[in-house]
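Structural overview for review
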Amino acid sequence: MSYEQFIENMAAIIKGRMEISLDLSIHSTVKNNGYQRKGITFSEEGINISPTIYLEEYYEKFMRGSSVKELAEQVLEMYRKIRIRHSWNEVSVQDYQNIKDKIIYKLVNQERNGELLDQVPHVRYLDLAILYFVLVDMDKSGGQMATMLIRNEHLTWWNVTSEEIRRRADMNTEKILPYEFSAMCMMIEEMLGNQEMEEEEWKKFREQENMYILTNHIRSCGASAILYPGRLQAIGDYFKENYFILPSSIHEVIILPESKALPKDEMECVIREVNETQVQAEEFLSNHAYYYDRQKMEITV
């Protein structure tokens with residue numbers, strides 16, 4: 001069964017099991033870096049937002065042996081939870097007063113989103129671009145966010161300028177998504193637990209630590225923390241030297257003090273190799289290292 005046939009079958013089963021009147025449509029959208037995703041959009045009378053549940057991971061489960069009926073029930077259960085969680089019938093995204101305090105920004109690659117940039121308010125930053133979103137929902141424990149990309153037509157809906165959107169995002173993002181800055185070994189230790197290494201090994205590992213992670217507290221789209229006012233300067237003050245910023249993904253960046261860094265061309269080789277082998281296409285940020293000069297208070301490619 002092809003992916004398209006899988007989606008059509010899922011939609012038919014879900015519609016047959018719904019207790020309420022519901023319109024389903026198959027939706028295709030281009031996400032970050034031109035990555036295309038397909039899913040089912042749920043539209044219900046009296047509900048102002050129509051969520052789309054993307055089905056790639058469900059198709060992978062199907063290919064591993066799960067039944068379409070079983071997976072359709074899982075998608076339907078997800079929609080029920082989303083529907084209960086949000087009072088969408090009371091809050092309309094067409095009213096700017098309802099969403100102005102939920103506007104945030106994210107960093108994406110400029111070149112790979114060239115076509116998208118023509119359709120959205122944005123600011124170019126180095127070889128990156130700052131895009132603006134409405135935060136619809138956030139699962140702090142799971143590190144997940146549901147967001148709506150702000151497009152040019154939304155500015156017309158709300159009768160606001162792109163400068164106003166940028167101002168709101170600058171006010172909201174760090175407040176909603178506080179930064180997290182920690183040594184990489186601490187994050188690894190948190191993920192692995194103490195059973196994987198003896199205490200003496202951890203001690204030696206910590207003493208040799210020279211890489212740090214900058215992200216946000218839910219570790220989702222946290223590379224944008226480099227935009228937080230004063231954050232890069234504070235990191236420079238902590239190191240008491242200049243440093244490199246390695247774009248791990250849209251979710252975080254790696255901070256490397258200059259005195260402990262590899263030669264620049266070697267760093268970029270490592271970045272490219274990691275991007276090609278470890279980073280999903282939708283999460284790619286950049287193949288370039290950045291350099292922060294704490295005297296000039298300036299970041300450059």
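Numbers given for residues are sequential positions, taken from 1 along each chain in its written order. Only residues with pLDDT of at least 70 are given local features in this predicted model, and only at 80 or more are side-chain atom pairs given and counted; all residues enter the totals for whole chains, interfaces and linings. Only hydrogens and water are set aside when side-chain values are computed; all heavy atoms of the structure are taken into account.

**A look at helix α2 (residues 56-63)**
Because the α-helix completes a turn every 3.6 residues, residues three or four places apart line up on one side. Here is the rule we go by: For every residue, the accessible area (1.4 Å probe, protein chains only) is compared with the maximum for its type, and the residue is labelled buried under 20%, exposed over 50%, or partly exposed between those bounds. Comment: elements are numbered from the N terminus, with helices defined as DSSP H or I runs of at least four residues and strands as E runs of at least two. What the arc measures is the spread of directions leading from the helix axis to the C-beta atoms.
Here α2 has its buried residues at Glu56, Tyr58, Tyr59 and Phe62. Within α2, the buried residues cover an arc of 160° as seen down the axis, which keeps them to one side. Directly beyond the C-terminal end of α2, a positive phi value near 120° is found at Gly65.

**Examining the sheet that holds strand β10 (residues 243-249)**
Note the threshold: Paired strands, in this sense, are two strands between which DSSP finds at least two bridges. Interaxial angle, 0 to 180 degrees, is taken between N-to-C directions of lines fitted to C-alpha atoms, where a helix line uses only the stretch in contact. Note on contacts: a residue pair is in contact if any heavy atoms of the two residues lie within 4.5 Å.
The 6 strands lie next to each other as β8-β9-β11-β10-β12-β13, forming an open sheet whose pairing is antiparallel. A single partner strand is all that each edge strand has here, and the edge strands are β8 (179-183) and β13 (298-300). The sheet shows a mean angle of 25° between the axes of neighbouring strands, direction not considered. Where β10 and strand β11 (residues 252-257) come together, 5 bridges link them in antiparallel fashion. Counted as the bridge partner of Ile245 is Ile255 from β11. Packed on one face of the sheet, helix α11 (residues 264-277) meets β10 and β11 and runs near 15° to β10.

Treat this as a map of the structure, not an account of what it does.
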